[in-house]
Amino acid sequence: MIARLALLALVVPALAAFAPKPGAAPLQMNTQAAQQSDATYPLEQLAGVLGELHALAFLCQGSGAQQWRRRMEEMLNLEAPGGAMRQRMIARFNEGFRQHQQRRTRCGAESEMEAQRLALQGQALSETLRRNYAD
């Protein structure tokens, strides 16, 4: 439980930086994100979101943009230092990266909207983790 609280302390502020500004039109998560399998764990889903954010940063900021990969590494060290869960989380991160590359988001307003959508999705997953493990 302490590891999950530490994880939330790492990930939530990073996601909040991309959240929509007050007064901005609300964003809706796309149906694919909303219909993710209930069989996967929120940590795995969050790993996928981090992979997508990494792909977006990589596309728009270049190969030096490693902040989301570092967040993923921190999450792995806290939540899954070894074993099958670690492998599933890595697979979800890589899957999220590949899925985002296939969408070919353009940098600029489109990428900002995509980052906001992903931040909302990540915040929702973080809230689920908080409710399940911190309450």
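What counts as what
- Residues numbered from 1 in each chain as written.
- Predicted model: local features only at pLDDT ≥ 70, side-chain atom pairs only at ≥ 80, totals over all residues.
- Heavy atoms only, no water.
- Helix = DSSP H or I, 4+ residues; strand = E, 2+ residues; numbered from the N terminus.
- Buried < 20%, exposed > 50% of the residue type's maximum accessible area, 1.4 Å probe, protein only.
- Contact = heavy atoms within 4.5 Å.
- Areas by Shrake-Rupley, 256 points an atom, 1.4 Å probe, with all protein chains shown as cover.
- Core = buried A, V, L, I, M, F, W, Y, C linked by side-chain atoms within 4.5 Å.
- Expected span 1.5 Å × (residues − 1).
- Disulfide = S-S within 2.5 Å.
- pLDDT = per-residue confidence, 0-100.
- Salt bridge = Lys/Arg side-chain N within 4 Å of Asp/Glu carboxyl O.

A. Region of the structure containing the overall build of the protein. The helix and strand tally for the protein stands at six helices and zero strands. Split into buried and exposed, the 135 residues of the protein put 38% on the buried side. Within the protein, contacts between residues at least 6 apart in sequence are counted, and of these 79% link residues at least 24 apart. About 7500 Å² of surface is accessible on the protein, with carbon and sulfur atoms providing 54% of the total.

B. Molecular detail of the nonpolar core. In this structure, Leu50, Leu53, Met72, Met75 and Met89 are the most contacted members of the largest nonpolar core, which totals 18 residues. Of all the secondary structure elements, the ones that give two or more residues to this core are helix H3 (42-61), helix H4 (67-79), helix H5 (84-103) and helix H6 (109-133). At seven residues, H3 tops the list of elements feeding residues into this core. If near-sequence neighbours (up to four positions away) are discounted, leucine 50 is found in contact with Trp68, Arg71, Met72, Met75 and Phe93.

C. Quick peek at H6. Counted at 1.5 Å a residue, the expected span for H6 with its 25 residues is 36 Å, and the 36 Å between its end C-alpha atoms agrees. Every buried residue of H6 is accounted for by Ser111, Glu114, Ala115, Gln116, Arg117, Leu118, Ala119, Gln121, Gly122, Leu125, Ser126 and Leu129.

D. Representation of the state of the cysteines within the structure. Going through the model one piece at a time under the given rule, you end up with one disulfide. Between cysteine 60 and cysteine 107 runs a disulfide, and the two sulfur atoms are separated by 2.2 Å. On the sign convention where negative is left-handed, the bridge of cysteine 60 and cysteine 107, at about -105° about the S-S bond, is left-handed. Placement of cysteine 60 in helix H3 and of cysteine 107 in the loop between H5 and H6 is noted, with a sequence separation of 47 residues between them.

E. Fine view of the confidence of the model for the protein. Confidence in the prediction for the protein averages 79 pLDDT; 70% of positions are at 70 or higher. Low pLDDT, under 50, characterises residues 24-39; the stretch is placed with 17 contacts to residues that sit more than four places away or in other chains.

F. Expanded view of the side chain of histidine 54. You can see histidine 54 is positioned in helix H3. Excluding its chain neighbours within four sequence positions, the residues that come into contact with histidine 54 are Ala65, Gln66, Trp68, Arg69, Phe93 and Phe97.

G. Representation of the pattern of salt bridges. Within this structure, the stated rule accounts for eight salt bridges. Between arginine 71 and glutamate 74 there is a salt bridge, and its shortest N-O distance comes to 4.0 Å. Placement of the pair is arginine 71 and glutamate 74 together in helix H4, with a separation of three residues, close to one helical turn. We classify arginine 71 as partly exposed; its relative accessible area is 25%. Using a relative accessible area of 31% as the deciding quantity, one classes glutamate 74 as partly exposed. As a salt-bridge pair, glutamate 114 and arginine 117 come within 2.7 Å of each other at their nearest N and O atoms. Of this pair, glutamate 114 and arginine 117 both sit in helix H6, separated by three residues, roughly a single helical turn. The same class applies to glutamate 114 as to arginine 117, namely buried. Each member of the salt-bridge network shares a partner with another, and the members are Glu52, Arg103, Glu114 and Arg117.

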